[in-house]
Amino acid sequence: MEDSGRKWDRCVSDSAVKTVLGLGVGALFSVLFFKRRSWPIAFGAGMGLGMAYSNCQHDFKSPYLLHGHMVKVTHTHTQS
Amino acid sequence: MLRVCWKGANAAARNCLCGKVPVHPLQHCRRYTSAGNSGSAAGKIVAASILTVGGGLGGTILYAKWDPKFRANVEKSVPYSDQLFEMALGPPPPPFIPMQKKPVKAEPLQISSVSEASKDSKQPKAKSKAKEKQPEPAPVDPKPAVEEAPALPPQTIEAEECHECASHEPAVKERPGEEVAARLAQQDKAEQDALAALSFNLEDTLGFSAKLTLQAIGAQEAALTAIGTHTHRLREAMDSEDPPDKKSAQWRELEDALSERTRAVDQAGQSLLQAKEQLEKLRVVINGAKESKIEAARPQILAAEENLHSMIVDLDKVVTKVQAAQTEAKIVSQYSELVNEAKVQFQKELSSITPEVQANWKGLTGKLSADDLNSLIAHAHRRIDQLNRELAEQRVREQIRIEAALEQQKHEHQRAVDSAVDKAIQHNHEQLRLEQEKKMQEVREVMEAEMRTQLRRQAAAHTDHLRDVLKVQEQELREEAQEALSSKMMEQETQHRRLAQEQLDSFTLDMNSAYARLKGMEEAIDSHVVAEEEARKAHQLWLSVEALNYTLKTAAADAPTEPLEGAVRTIKESCAENEFAQALATALPDESLTRGVYSEASLRARFYGVRRLARRVALIDETRNSLYQYFLSYLQSILLFEKEQEAPPTKLAAQDLDTFKLLAYATYSIERGDLELAAKFVNQLHGESRRVAQDWLKEARLTLETKQVVSLLSAYANAVGLGTTQAP
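Conventions used here
- Residues numbered from 1 in each chain as written.
- Chains lettered and ligands numbered in written order.
- Predicted model: local features only at pLDDT ≥ 70, side-chain atom pairs only at ≥ 80, totals over all residues.
- Heavy atoms only, no water.
- Helix = DSSP H or I, 4+ residues; strand = E, 2+ residues; numbered from the N terminus.
- Contact = heavy atoms within 4.5 Å.
- Disulfide = S-S within 2.5 Å.
- Buried < 20%, exposed > 50% of the residue type's maximum accessible area, 1.4 Å probe, protein only.
- UniProt positions renumbered as here; feature names shortened; annotations may be inferred.
- Phe/Tyr/Trp six-rings, centres within 6.5 Å; stacked < 30°, edge-to-face > 60°.
- Lys NZ or Arg CZ within 6 Å of the ring centre and 35° of its normal.
- Core = buried A, V, L, I, M, F, W, Y, C linked by side-chain atoms within 4.5 Å.
- Buried area = accessible area lost by both parts, 1.4 Å probe.
- Salt bridge = Lys/Arg side-chain N within 4 Å of Asp/Glu carboxyl O.
- Polar contact = N/O pair within 3.5 Å; in protein donor to acceptor, adjacent residues only side chain to side chain.
- Nonpolar A, V, L, I, M, F, W, Y, C, P; charged D, E, K, R; others polar.
- Axes fitted to C-alpha atoms, helices over the stretch in contact; angles between N-to-C directions.
- Parallel < 35°, antiparallel > 145°, perpendicular 65-115°, else oblique.
- Patch = residues over 30% accessible without salt bridge, like charges linked within 9 Å, V, L, I, M, F, W, Y side chains within 5 Å.
- Areas by Shrake-Rupley, 256 points an atom, 1.4 Å probe, with all protein chains shown as cover.
- Arc of directions from axis to C-beta.

Draft legend 1. Region of interest: the overall build of chain A. Counting secondary structure elements, chain A contains 2 helices and 0 strands. Expressed as a percentage of contacts within chain A between residues at least 6 apart in sequence, the contacts between residues at least 24 apart total 56%.

Quick look at the structure:
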């Protein structure tokens, strides 16, 4: 029961960090390469938020995630 | 169909769009031309849709009419279709029920009842031998049997039969044996009298008729002789040439003979008549005797008949003889008449020619002259010629007459032959009948004799059968008596033996009981000792279980109890040889031993937190847990209002497996102190809610287990303690 709360904490903190970082990177890029347009900032912030969202979702899904493996079948017994 | 409609709609729309006005913008086109075309197109669409819908309905109804299963299916799937079907087609066909076979059963019952009734009616009449008689012919049989009884000579059998038949049918008038015998005797006597009277009568008439017949025959014969003499005399008179006085004497004799003859004939006729009358009377009497049907008189009747027949035959013979004689006499008399006539004629002629010559011309030969002689001779010659002519004529006529006479004679002969044949046939017939009667009589006598022998044989067989039956009965009775005797003896013996055995048993019983009491006392003392030991042990067990219980109570608000290891160890020590307690002690979960368990109160407190969290993640299950879902489920938990506590139903239905409901039930149970039920409900959660409540569930399980084991142990200890404590 506690890890739900912990997950949420992680989530929120993670999203905050990522958004801000994205924002910063976007601002940097906008200043450096894109002639102080506004769109890279929004872009960066969105990217950051999106990454945080995805991480959060993955974290919540983790108990239910199934990992499938592809197994190649070798035909050794047909030759005998 | 939908596609067609759709296409049609499309086509219509396209037409309206790209029709006669291509250049105009769409809106205009729609405004100007859609008003015109769309009306008809819409009408077409409406009509098409109505047609299809109607067609579909009609088709469904028709098919449902044909196939009842399809109808049932449609009724199941489409809500109000059964009403529609009922309106259109009438009620659905009922399922097939096999007809009861009651009416068929009724008939055999009736028949059996009838047969039973007939059997029942036959029952009271069931007796010994002659029971093959049916109930219906039985009333008919005794009556002719009784009537024919007089014909049976042995009266004993009659009496017996009548006894039987009397007892057979109470419906028939009952005549006791004596009355029957008296009646039979009476009948016999009456018969004898009748027979005697009849035979007397018969003999009388027979004698009389015989006498008369003989008389008639005699008279006839006398008549015959008279006729014969007369004829003879007549012929003699015709043929003889006697002198006149002898002739006259002859003629006188002839007359006498004639008168004699006539008299005899008359007498014969009279006596014949009398005889015939008497014979008729005799015949009447015989017929009367025949009708009286007395058997014994038969031979007499037969003899009388024979006599009658012979008399008739004789009479007839004699009558024929007389008739023949009469015809002959007639011939002769005719002949004599003719001759007389010729003589008279000649005499007349002669007297006419020679008037002076008188009667007897033979004596006149000397007195006559030559002329007279010549004339006489001439007359004689003429007469001779005439006579010759007449003779010739007569000869010719004779031929014809002879033929006519022959014919007549033939007819008469034929008639006579016929009558004679008839008479002969009649006589033969009569003869044959008499012979047949005689034969019948003989046969009857033979049959009577045989019947008597058979009856005698039957009587003998009956006596034999009776003897056998009596023997068998004797045997049976003897066996019965023997059996009764032996059974009684055995009974007495068994009783005696039983009494002896009882005495022995009671003595043994007393001894055994005394011994058992002694043993019981010893055992009681031993068990007392054992019980004391047991009691001590139980007491110890109980103490240790109490210690365990106490350790359970040491749970703080949020901390678990102390580890239960120590208490469990003491329990194990205290009841080392008690397997049940050992098993229970080992059944405690390890966690409780090492770590201790949480108390119920703490679990209860914790539950509310779990509940809140579970509500929040209610929508999350294994398949969909994106953050958006989390948001949604959080929203749901806020917006969904429901009772916090809800009483759980006795049976959990599928709709109760909703998270919120389950949590409500669990809350209710926990508030009422039923941790087990709450745990059960929490166990039903799915997905994320379940995962969230998992550790709470684990703790609850541990607590419940420990509590269960401890309660078992305490119960056991209590039971053992109760068992071993002794009342003061």
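Next comes the rest of the write-up.
Draft legend 2. Looking closely at the state of the cysteines. Residue and element names in this part refer to chain A. The tally for this structure, following the rule as stated, stands at 1 disulfide over all chains. Here Cys 11 engages in a disulfide with Cys 56; their sulfurs sit 0.9 Å apart. Because the torsion about its S-S bond is -125 degrees, the bridge between Cys 11 and Cys 56 counts as left-handed. Taken together, the positions of Cys 11 in helix H1 (residues 2-32) and Cys 56 in helix H2 (residues 39-61) put the pair 45 residues apart, joining distant regions of the chain. Across the pair, Cys 56 and Cys 11 agree in class, each one buried.

Draft legend 3. Summary view of the side chain of Ser633(B). Residue position: Ser633(B) is located in helix H17 (residues 627-639). Leave out the neighbours within four places in its chain, and Ser633(B) touches Arg615(B), Arg616(B), Val617(B), Ala618(B), Leu619(B) and Ile620(B).

Draft legend 4. Inspection of the UniProt feature "transmembrane region" (unreviewed entry) in chain A at higher detail. According to UniProt, the positions carrying the feature "transmembrane region" (unreviewed entry) are residues 15-34 of chain A. Note that residues 15-34 of chain A is 90% helix and 0% strand, and that its end C-alpha atoms are spaced 26 Å apart.

Draft legend 5. Main features of the packing of aromatic side chains. Following the criterion strictly, the structure yields 11 aromatic pairs over all chains and no others. Considering the side-chain rings of Phe60(A) and Tyr630(B), the 4.2 Å spacing of their centres and the 45 degrees angle between planes classify their relative orientation as tilted. You can see Phe60(A) sitting in helix H2 and its partner Tyr630(B) sitting in helix H17, one on each of two chains. Given a relative accessible area of 2%, Phe60(A) falls into the buried group. Assessed through its relative accessible area of 3%, Tyr630(B) is described here as buried. Three or more aromatic residues link up through ring pairs in this structure, and these residues are Trp8(A), Phe60(A) and Tyr630(B). A cation over an aromatic ring shows up here: Arg672(B) above the ring of Tyr668(B), its NZ or CZ 3.9 Å from the ring centre.

Draft legend 6. Examining the nonpolar core more closely. All names here are of chain B. Formed by 24 residues in total, the largest nonpolar core has its most connected members in Leu 202, Leu 279, Leu 282, Ile 286 and Leu 315. Contributing elements (two or more residues each) for this core: helix H9 (177-239), helix H10 (244-292) and helix H11 (298-353). Sort the elements by how many residues they give to this core and H11 lands first, with 10 residues. Beyond its immediate stretch of four places on either side in the chain, Leu 315 contacts Thr 213, Ala 216, Ile 217, Leu 272, Ala 275 and Leu 279.

Draft legend 7. Structural detail: the interface of chain A and chain B. With 13 residues of chain A in contact, the opposing surface of chain B contributes 16 residues. Roughly 1,300 Å² of surface becomes buried between chain A and chain B when both sides are summed, with 62% attributable to carbon and sulfur atoms. The interface formed by chain A and chain B contains 0 salt bridges. At the surface where chain A touches chain B, the tally comes to 1 residue pair in polar contact (both at pLDDT 80 or more). When residues of the side of chain A that touches chain B are traced back to their parent elements, those giving at least two are H1 and H2 of chain A. For the side of chain A that touches chain B, a count of residues per class yields 7 nonpolar, 2 polar and 4 charged.

Draft legend 8. Looking closely at the pattern of salt bridges. Residues and elements named next belong to chain B. Applying the stated criterion across every chain, the model contains 23 salt bridges over all chains. Arg 397 is paired through a salt bridge with Glu 393; the nearest N and O atoms lie 2.7 Å apart. Residue Arg 397 and its partner Glu 393 are located together in helix H12 (residues 370-552), separated by 4 residues, close to a single helical turn. When its relative accessible area of 41% is taken as the criterion, Glu 393 is described as partly exposed.

Draft legend 9. Representation of the packing of H2(A) against H17(B). Viewed as axis vectors pointing N to C, H2(A) and H17(B) meet at an angle of 75 degrees, and their least axial separation amounts to 9 Å. It follows from the interaxial angle that H2(A) and H17(B) lie roughly perpendicular. Between H2(A) and H17(B), the contacting residues are Tyr53(A), Cys56(A), Gln57(A) and Phe60(A) on the first element and Leu627(B), Tyr628(B) and Tyr630(B) on the second. Looking at the contact of H2(A) with H17(B) residue by residue, the classes come out as 6 nonpolar, 1 polar and no charged.

Draft legend 10. Representation of the environment of Gln582(B) within the structure. All names here are of chain B. In this fold, Gln 582 is placed in helix H14 (residues 579-587). Overall, the relative accessible area of 23% leaves Gln 582 in the partly exposed class. C-alpha of Gln 582 to C-alpha of Lys 572: the two residues are 10 residues apart in sequence and 6.2 Å apart in space. Residues contacting Gln 582, with those up to four places away along its chain left out, are Lys 572, Cys 575 and Ala 576.

Draft legend 11. The arrangement of a nonpolar patch on the surface in detail. Residue and element names in this part refer to chain A. Taken together, the side chains of Val 25, Leu 28, Phe 29, Val 31, Leu 32, Phe 33, Phe 34, Trp 39, Phe 43, Met 47 and Met 51 define a hydrophobic patch exposed on the protein surface, amounting to about 1,100 Å² of accessible area. Put simply, the parts of the chain that give the nonpolar patch at least two residues each are H1 and H2. Ranked by residue count, the leading element in the nonpolar patch is H1, at 5 residues. By relative accessible area, Phe 33 is classed as exposed at 54%.

Draft legend 12. Structural view of the environment of Gln323(B). Along the chain, Gln323(B) turns up in helix H11. Considering only alpha carbons, one finds Gln323(B) and Leu224(B), 99 residues apart in sequence, at a separation of 8.8 Å.

Draft legend 13. Focus on the packing of helix H3 (residues 68-77) of chain B against helix H4 (residues 81-89) of chain B. Residue and element names in this part refer to chain B. Where H3 meets H4, the closest approach of the two axes is 8 Å, and the angle between their N-to-C directions is 140 degrees. Relative to H4, H3 is oriented oblique. Judged by residue contacts, Arg 71, Val 74 and Glu 75 of H3 engage Ser 81, Asp 82, Phe 85, Glu 86 and Leu 89 from H4. Here the residues of the contact of H3 with H4 sort into 3 nonpolar, 1 polar and 4 charged.

Draft legend 14. Spatial organisation of H14(B). All names here are of chain B. Along H14, the positions that sit buried rather than exposed are Ala 581, Leu 584 and Ala 585. Down the axis, H14 shows its buried residues gathered within 100 degrees of arc, on one side only. In H14, those exposed residues whose orientation departs by more than 90 degrees from the buried face are Glu 579 and Thr 586.

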